Amino acid sequence: MAQAVEHHKIAIIGSGFSGLGMAIKLKQSGENDFVVFEKEGGVGGTWRVNHYPGCACDVPSHLYSFSFASNPTWTRMFAPQPEIKNYLEHCAEKFTLMPHVRLNNAVTSARWDEDNTVWRIQDQHGKQHTATMIVAGTGGLSTPSYPNLNGVERFEGTIFHSQDWNHEYDLTGKRVAVIGTGASAIQFVPHVQKQAKKVDLYQRTAPWVMSKPDRAMSWAERNLFKRLPAAQNALRKSIYWMLESRVLGFTVNPRLMVIAKRWALNHIRAQITDPELRKKVTPDYTIGCKRILMSDDYYPALDQPNAEVVTTGIQEIKANSIVTVDGEEREVDAIIYGTGFAATSPVPKGVIHGRDGVDLVDSWKDGPEAYKGTTISGFPNLFMLMGPNTGLGHNSMVYMIESQITYVLDAMKKMRKENIGYVDVLPEVQATYNEAIQRKTSGSVWNSGGCQSWYLHPETGKNVTLWPDFTWKFRLQTRQFDTKAYYLQPAITSHSNITTPNTTEATA
Ligand code: N01
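1. Details of the overall build of the protein chain
Helix and strand counts for the protein chain stand at 16 helices and 20 strands. Computed over C-alpha atoms, the radius of gyration of the protein chain comes to 24 Å, within 12% of the 23 Å expected from 2.2 N^0.38 for 508 residues, which places it in the range of a compact globule. By its C-alpha atoms, the protein chain is 70 × 55 × 45 Å across when sized along the principal axes. Counting all 508 residues of the protein chain, 54% fall into the buried class. Expressed as a percentage of contacts within the protein chain between residues at least 6 apart in sequence, the contacts between residues at least 24 apart total 73%. For the protein chain, the exposed surface amounts to about 22,000 Å²; the carbon and sulfur share of it is 52%.

2. Comments concerning the confidence of the model for the protein chain
Taken residue by residue, the protein chain gives an average pLDDT of 93. The fraction at 70 or more is 96%. Residue range residues 500-508 is modelled with pLDDT below 50. Its contacts to residues more than four positions away, or to other chains, number 14 contacts.

3. Examining unusual backbone geometry
Although it is not a glycine, T96 sits at a positive phi angle of roughly 50°. Within the secondary structure, T96 sits in the loop between α3 (81-94) and β3 (101-102). Within the chain, D356 stands out as a residue other than glycine whose phi angle is a positive 55°. Within the secondary structure, D356 is located in the loop between β17 (352-353) and α11 (360-363).

4. Topic: the sheet that holds strand β12 (residues 307-310)
Neighbouring strands of a sheet are bound in pairs by backbone hydrogen bonds; such pairs are parallel or else antiparallel. One open sheet accounts for five strands, arranged β7-β16-β8-β9-β12; its pairing is parallel. This sheet does not close on itself; its edge strands, each paired only once, are β7 (158-161) and β12. Averaged over all adjacent pairs, the angle separating strand axes in this sheet is 15°, with direction ignored. Across four bridges, the pairing between strand β9 (residues 198-202) and β12 is parallel. The partner of Y202 across the bridge, within β12, is V310.

5. Thoughts on the pattern of salt bridges
For the coordinates displayed, the defined rule picks out 27 salt bridges. Here K39 makes a salt bridge to E40, at a shortest N to O gap of 3.4 Å. E40 sits in the partly exposed class, given a relative accessible area of 27%. A salt bridge links K372 to D482; its shortest N-O distance comes to 2.9 Å. Here K372 is found in the loop between α11 and β18 (382-384), whereas its partner D482 is found in the loop between α15 (471-477) and β20 (486-490), with 110 residues between them in sequence. We classify K372 as buried; its relative accessible area is 8%.

6. Digging into the state of the cysteines
Under the definition given, this model contains one disulfide. Free of any disulfide, C91 has its nearest cysteine sulfur in C57, 14 Å distant. We classify C91 as buried; its relative accessible area is 1%.

7. Section: the pairing of β9
The buried count for β9 comes to four of five residues, which makes it a mostly enclosed element. Inspection of the sheet shows strand β8 (residues 175-179) paired to β9 by five bridges, in the parallel sense. Residue pairing for β9: V178 is matched across the bridge by L201. Each parallel crossover has a hand, and for β8 linked through helix α4 (residues 185-195) to β9 it is right-handed.

8. A short note on the side chain of K372
In terms of polar contacts, K372 uses its side chain to reach the backbone carbonyl oxygen of Q477, at 2.9 Å. In contact with K372, not counting residues within four places along its chain, are T390, Q404, Y407, Y433, F474, Q477, T478 and D482.

9. Looking at the site of the ligand
The environment of the ligand is made up of 22 residues, and the closest members are D58, A183, S184, T205 and K290. In this structure, G338 approaches the ligand through a main-chain N or O atom, which is 3.2 Å from an oxygen atom. One of the side-chain nitrogen or oxygen atoms of W454 is found 3.3 Å away from an oxygen atom of the ligand. Notes on the ligand: free accessible area 910 Å², of which the protein chains cover 82%. Taken together, the residues of the shell around the ligand break down into nine nonpolar, nine polar and four charged.

10. With respect to the packing of aromatic side chains
Applying the stated criterion across every chain yields a total of 25 aromatic pairs. Ring centres 4.8 Å apart and planes at 15° place the aromatic pair F66 and F68 in the stacked group. Pairing W112 with Y422 gives two aromatic rings, centres 5.1 Å apart and planes at 85°, and the pair type is edge-to-face. Pair noted here: W112 is in strand β4 (residues 107-113) and Y422 is in strand β19 (residues 420-425), with a separation of 310 residues, a long-range link.

11. As for the sheet that holds strand β14 (residues 321-324)
Taken together, three strands build an open sheet; the order of strands is β13-β14-β15 and the sheet is antiparallel. Because the sheet does not close on itself, it has two edges, and the strands there are β13 (314-317) and β15 (329-331). If you compare each strand with its neighbour and ignore which way they point, the axes differ by 25° on average.

12. Structural notes on the side chain of Q187
Considering the arrangement of structural elements, one finds Q187 in helix α4. Those residues within four positions of Q187 in sequence are excluded, and the remaining contacts are Y52, P53, G54, C55, A56 and K212.

13. Examining the environment of L466
Here L466 shows up in the loop between α14 (445-448) and α15. The buried category is assigned to L466, whose relative accessible area is 2%. Along the chain, L466 and I239 lie 227 residues apart, while their C-alpha atoms are 20 Å from each other. The contact partners of L466, leaving out residues within four places of it in the chain, are N389, T390, G391, L392, G393, W446 and Y455.

14. Points about the environment of V351
Note on placement: V351 falls in the loop between β16 (334-337) and β17. Taking the C-alpha atoms as reference points, V351 and T286, 65 residues apart in sequence, are found 38 Å from one another. Setting aside anything within four residues of it in sequence, one finds V351 in contact with V107, T108, S109, A110 and D359.

About the thresholds
Residues numbered from 1 in each chain as written. Predicted model: local features only at pLDDT ≥ 70, side-chain atom pairs only at ≥ 80, totals over all residues. Heavy atoms only, no water. Helix = DSSP H or I, 4+ residues; strand = E, 2+ residues; numbered from the N terminus. Rg over C-alpha atoms; globule rule 2.2 N^0.38 Å. Buried < 20%, exposed > 50% of the residue type's maximum accessible area, 1.4 Å probe, protein only. Contact = heavy atoms within 4.5 Å. Areas by Shrake-Rupley, 256 points an atom, 1.4 Å probe, with all protein chains shown as cover. pLDDT = per-residue confidence, 0-100. Pairing = 2+ DSSP bridges. Axes fitted to C-alpha atoms, helices over the stretch in contact; angles between N-to-C directions. Salt bridge = Lys/Arg side-chain N within 4 Å of Asp/Glu carboxyl O. Disulfide = S-S within 2.5 Å. Right-handed = clockwise from strand over helix to strand, strands pointing away. Polar contact = N/O pair within 3.5 Å; in protein donor to acceptor, adjacent residues only side chain to side chain. Near = heavy atom within 4 Å. Nonpolar A, V, L, I, M, F, W, Y, C, P; charged D, E, K, R; others polar. Phe/Tyr/Trp six-rings, centres within 6.5 Å; stacked < 30°, edge-to-face > 60°.

Written out as structure tokens, the structure reads:
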């Protein structure tokens, strides 16, 4: 017997900043026929699943929040993770999104059905859905990356990744190995160092770290922002333009990074007394080539007697120790991976299939690419938020997400007005757009800075993650949906009675 299929005009995947922002804007535009699939037990995306000690935003919160849902009561300039999660939960309630949200419900498969011009979606419970459009808000940094360490399966202690922090495990008095020195590690290492008997920090590449201009927001400021939203808006704008100016050093003239380098070197000198340690943590590549980190408690933590920065590579893991390539063996009770995410492969293989059944991952021969970071040729009516080349090293991702949401909303408006069934970006338009992105990247600090980063595809060296320009230029590009760049298919059918073509598959 054919199983009834639930049809939604729009299926949103994920309920982080992207998914919730899209849902809010749909509601505000009068569109209620949408569903939000969320694999976790609550909304918040990355700000829900990352809860390691010290987790906080490294972009000021007055900017790193929705322009259409300001929060005058941020307690700090850089809000900690629980507060950002609360903010997103509050947005979901305030804009009455929860009736649309399906929690604990991952999308396991989405297939384009050319005959009916719909996406056929299967959720983790085996239920079938169809949707005219998919908006993927799955985030670029959600799949943890694990190092391939020789002998790790023999380790008898505790191991976890920063994204799956084991709060049950008491670090007090333990010998802890931390692997990785990225944005996550520099936030949790000071907390680990305070509790543990010993911390060995395995550093493959030293990050550039600057002072973090964090502070508590005073009662008077919060009160002012509540009573006078224009004052908060002025602060938001000033932060935006201050951060935006940094793009000059990243992409226009990397030599401008000299000033930032001086600040960062002063930061090392001011915070570390041990000359050997100063040398170890001083990077050997141009600042900005990898994400510039901000912390005022990372270096002081490393300068403590119970902390050691290990710069020799790991040879093998034994039952209770780590052996480095120089033969030295360090006893260890727990290993914490601060090894980041699979940023250059943001979508798992086997989940999204477009025209002719092509897997999205297979369609990306030289690494992920899209048109305006949002649409991909051969994947009609699929819109990716935070898609390829929308990432930033210098400003707020929420600004990019809002730009994309405007683009998607305008696409929907034009499709409705012109009775278009689906849009599919022309391959040559996508190719030309991406050539321009790579040209723009070629003179940037990410290409010439002498480092290896997840910004660039590991095999092709192509920039697949970052937007290599001013963010306001991206906003200009995405202000309107440009139908000329797309194949436009006239609408052919109503989807109210679609059933699965294959009943065996449907009831399996
Ligand atoms: O990950 P990372 P992250 N052996 O990729 C090392 C966002 N974020 O989770 O540099 C040994 O930056 C790796 O070494 P190397 C933000 O966008 C935002 O810290 O490759 N080491 C590196 O040191 C950020 O950029 C906030 O040589 C290995 C580290 O692990 C992104 O998340 C807060 C290794 C990985 O650093 C990722 O940050 C936190 C191996 N096999 C994070 N493999 C905000 O506040 C990897 N490493 C907004």
